[in-house]
Amino acid sequence: RLQAGAPAVLEALGFDARLAAAQLLVVGEGALDEQSFGGKIVGELVGRAAVAGVRVCAVVGVSRLPADAVADAGLADVRTASTLAGIEAAGRALAFASPPT
């Protein structure tokens, strides 16, 4: 039986139950652009987080998504990082950022 990969993997992992307990979802992508949301894992994660009412932030190598399109894409924040130290710093900043009220 042929089925889409991202939803199948997330279902196998019990992702929705885990997401229900989350306050924030951080996704990673090498290059973030409009295609990241069309049938790929980032789009699937953002869609499920929207249904669950969970904020989503992205840590990416490069963002080609226009700044004014970030919120429309369902992302609360996008941080760029190209080194391990940068990724760790972005993670810390997101972990300690106050959610919007």
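Shown above is the structure to which this text applies.
Okay, so let's go over this structure. Computed from a predicted model, the values in this text were never measured in an experiment. (Residues numbered from 1 in each chain as written. Predicted model: local features only at pLDDT ≥ 70, side-chain atom pairs only at ≥ 80, totals over all residues. Heavy atoms only, no water.)

**A word on the side chain of Ser36**
And then number 1: Inspection of the secondary structure assignment puts Ser36 in the loop between strand S1 (24–32) and helix H3 (41–52).
And then number 2: Leave out the neighbours within four places in its chain, and Ser36 touches Glu29, Ala31, Val42 and Gly43. (Helix = DSSP H or I, 4+ residues; strand = E, 2+ residues; numbered from the N terminus. Contact = heavy atoms within 4.5 Å.)

**Some remarks on the nonpolar core**
And then number 1: If you look at the biggest cluster of nonpolar residues, it comprises 18 residues, and the most contacted ones within it are Leu25, Val27, Val56 and Leu75.
And then number 2: Among the secondary structure elements, those contributing two or more residues to this core are helix H2 (15–20), S1, H3 and strand S2 (55–63).
And then number 3: Tallying contributions element by element places H3 first for this core, with four residues.
And then number 4: When near neighbours in sequence (up to four residues on either side) are disregarded, Leu75 contacts Leu32, Phe37, Val46, Val56, Ala58, Leu65 and Val70.
And then number 5: Listed in part, the five residues of the second largest apolar core include Cys57, Val59, Ala81 and Leu94. (Core = buried A, V, L, I, M, F, W, Y, C linked by side-chain atoms within 4.5 Å. Buried < 20%, exposed > 50% of the residue type's maximum accessible area, 1.4 Å probe, protein only.)

**Let's talk about the packing of helix H1 (residues 5–13) against H3**
And then number 1: Their axes nearest at 9 Å, the elements H1 and H3 cross at an angle of 55 degrees. Taken together, the axes of H1 and H3 lie oblique to each other. Considering how the two elements wind past one another, H1 and H3 form a crossing that is right-handed. Contact residues: H1 offers Ala6, Pro7, Leu10 and Glu11, while H3 offers Ile41, Glu44, Leu45 and Arg48. (Axes fitted to C-alpha atoms, helices over the stretch in contact; angles between N-to-C directions. Parallel < 35°, antiparallel > 145°, perpendicular 65-115°, else oblique. Left-handed = near helix turned anticlockwise from the far one by under 90°.)

**Re the pairing of S1**
And then number 1: Bridging between S1 and S2 involves eight bridges; their strand directions are parallel. For Leu25, the partnering residue across the bridge sits in S2 and is Val56.
And then number 2: Tracing the backbone out of S1, into H3 and back to the parallel element S2 gives a crossover that is right-handed. (Pairing = 2+ DSSP bridges. Right-handed = clockwise from strand over helix to strand, strands pointing away.)

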